[in-house]
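# Structural description and commentary
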Amino acid sequence: MTAPIVLVPGFWLGAWAWDEVAAALRADGHKVTAVTLPGLESADADRSAITMADHVEAICKAVRAAGAPVVLAVHSGAGAPGYGATDRVPELIAAMVYVDTGPAKGPLDPSFEGVEKPMPSLEKLAADENLTGLSKDQLETFRARSIPEPGAALREAATLTNDARLDVPSTVVCTGYTSAQYKDAVKEGQDWLGGLTELRDVTYVDLPTSHWPMWSRPRELAAIIGDVANAHAGSSKSGSKAQA
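Model, not experiment: these values are computed from the prediction.

We now examine the overall build of the protein. Scanning the protein from terminus to terminus reveals 10 helices and eight strands. Principal axes of the C-alpha set define a box for the protein whose edges measure 50 × 35 × 35 Å. Relative to its full complement of 244 residues, the protein shows a buried share of 54%. Excluding contacts between residues fewer than 6 apart, the proportion of contacts in the protein whose partners are at least 24 apart in sequence is 80%. Counting only carbon and sulfur atoms, one obtains 49% of the accessible surface of the protein, whose full area is about 10,400 Å². Counting 21 positive and 31 negative side-chain charges, the protein places the centres of these two groups 4 Å from one another.

Spelled out as structure tokens, the structure:
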């Protein structure tokens, strides 16, 4: 028995980004679902009306479909809708895993005005993010398969009204930055980590590598997520607590 696992990728990515991690988890006996968020299905998808609420609901749909409380692993920009999902269905989330991200509060890019935000050039990506351990082929695949992010989802914040989310056990996997740097950023009040000031059960795990550890260290990341799923096997939460 192990908790089902739902994997959500960050900006510009679909479910395919988790392929190596998902394969490693399934080989260890885990039930895994990887999610492509609305608007990220293809380059031709209509992103003009996609909202943050749509992204939250897509995650909640995958969580509900699992049939048991899940371990929800969210990467990078998916930290915001992932945290929103814990507010919507806390009773169905046994634990959270934030992969080089955190439970964001507030919009991710409130000043962005466009309909969609394409992935930047690899040169700009290298200037802004940790690419340690990523091969040239992996980066070229990322660039070739990237899909623009819906602009409205960047400008909007996930709705947070249910205090039951505060009791969802959460693991922060620190890859592009160390756990010490994460904790400093929390103290500085950075919005993308805002929920870490209020969550009641947070564990930090250091996995030094790129911001995309599903490619640079997939087996190690799978082991961390799998351990959380094993620790929460058969987890259930009462409806009364979820509605507290």
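Before going further, it helps to spend a moment on the packing of helix α1 (residues 19-27) against helix α9 (residues 218-231). Interhelical geometry of α1 versus α9 gives an angle of 55° and a closest axis separation of 9 Å. When the interaxial angle is binned, α1 and α9 end up oblique. Two packed elements cross with a definite hand, and for α1 against α9 that hand is right-handed. Touching Glu20, Val21, Ala24 and Leu25 of α1 are Pro218, Arg219, Leu221, Ala222, Ile225 and Gly226, all from α9. When the residues that make up the contact of α1 with α9 are grouped by side-chain class, the tally is seven nonpolar, one polar and two charged.

With that out of the way, let us pick up the pairing of strand β8 (residues 202-206). Bridge count between strand β7 (residues 170-174) and β8: five bridges; the pairing is parallel. Bridged to Val173 within β8 is Val205.

In this model, the protein carries an average pLDDT of 95, and 96% of its residues clear a pLDDT of 70 or more. Predicted confidence is poor over residues 238-244, with pLDDT under 50, and the contacts of this stretch with residues over four places away or in other chains come to nine contacts.

Applying the stated rule across the entire model yields 10 salt bridges. Salt-bridge contacts for Glu57 lead to Arg88; the nearest nitrogen and oxygen are separated by 2.5 Å. A residue pair is termed long-range when its members are at least 10 positions apart, and Glu57 in helix α2 (residues 52-65) and Arg88 in helix α3 (residues 79-88) qualify at 31 residues. Residue classification places Glu57 among the partly exposed positions, given a relative accessible area of 30%. Of the charged contacts in the structure, one is a salt bridge between Arg165 and Glu198, with a shortest N-O distance of 2.9 Å. One end of the pair, Arg165, is in the loop between α6 (151-155) and β7; the other, Glu198, is in the loop between α7 (179-188) and β8, and 33 residues separate them in sequence. Counted as one network, the salt bridges with shared partners bring together Asp87, Lys105, Arg165 and Glu198.

What follows is about the packing of α2 against α3. Interhelical geometry of α2 versus α3 gives an angle of 60° and a closest axis separation of 8 Å. In terms of their interaxial angle, α2 and α3 are classed as oblique. At the point where α2 passes α3, the crossing takes the right-handed sense. Every residue of α3 that contacts α2 at Met52, His55, Val56, Glu57, Ile59, Cys60 and Arg64 is listed here: Ala80, Pro81, Gly82, Gly84, Ala85 and Arg88.

Burial within strand β4 (residues 93-99) is extensive, with seven of its seven residues counted as buried. Relative to β4, strand β3 (residues 70-75) runs parallel, the two sharing six bridges. Bridged to Val74 within β4 is Tyr98. Tracing the backbone out of β3, into α3 and back to the parallel element β4 gives a crossover that is right-handed. Of the strand pairs in this sheet, β4 and β7 are connected by four bridges, and their pairing is parallel. Following the sheet pairing, Val97 is matched in β7 by Thr171.

Rules used throughout
- Residues numbered from 1 in each chain as written.
- Predicted model: local features only at pLDDT ≥ 70, side-chain atom pairs only at ≥ 80, totals over all residues.
- Heavy atoms only, no water.
- Helix = DSSP H or I, 4+ residues; strand = E, 2+ residues; numbered from the N terminus.
- Buried < 20%, exposed > 50% of the residue type's maximum accessible area, 1.4 Å probe, protein only.
- Contact = heavy atoms within 4.5 Å.
- Areas by Shrake-Rupley, 256 points an atom, 1.4 Å probe, with all protein chains shown as cover.
- Lys, Arg positive; Asp, Glu negative; His and termini not counted.
- Charge placed at Lys NZ, Arg CZ, Asp CG, Glu CD.
- Axes fitted to C-alpha atoms, helices over the stretch in contact; angles between N-to-C directions.
- Parallel < 35°, antiparallel > 145°, perpendicular 65-115°, else oblique.
- Left-handed = near helix turned anticlockwise from the far one by under 90°.
- Nonpolar A, V, L, I, M, F, W, Y, C, P; charged D, E, K, R; others polar.
- Pairing = 2+ DSSP bridges.
- pLDDT = per-residue confidence, 0-100.
- Salt bridge = Lys/Arg side-chain N within 4 Å of Asp/Glu carboxyl O.
- Right-handed = clockwise from strand over helix to strand, strands pointing away.

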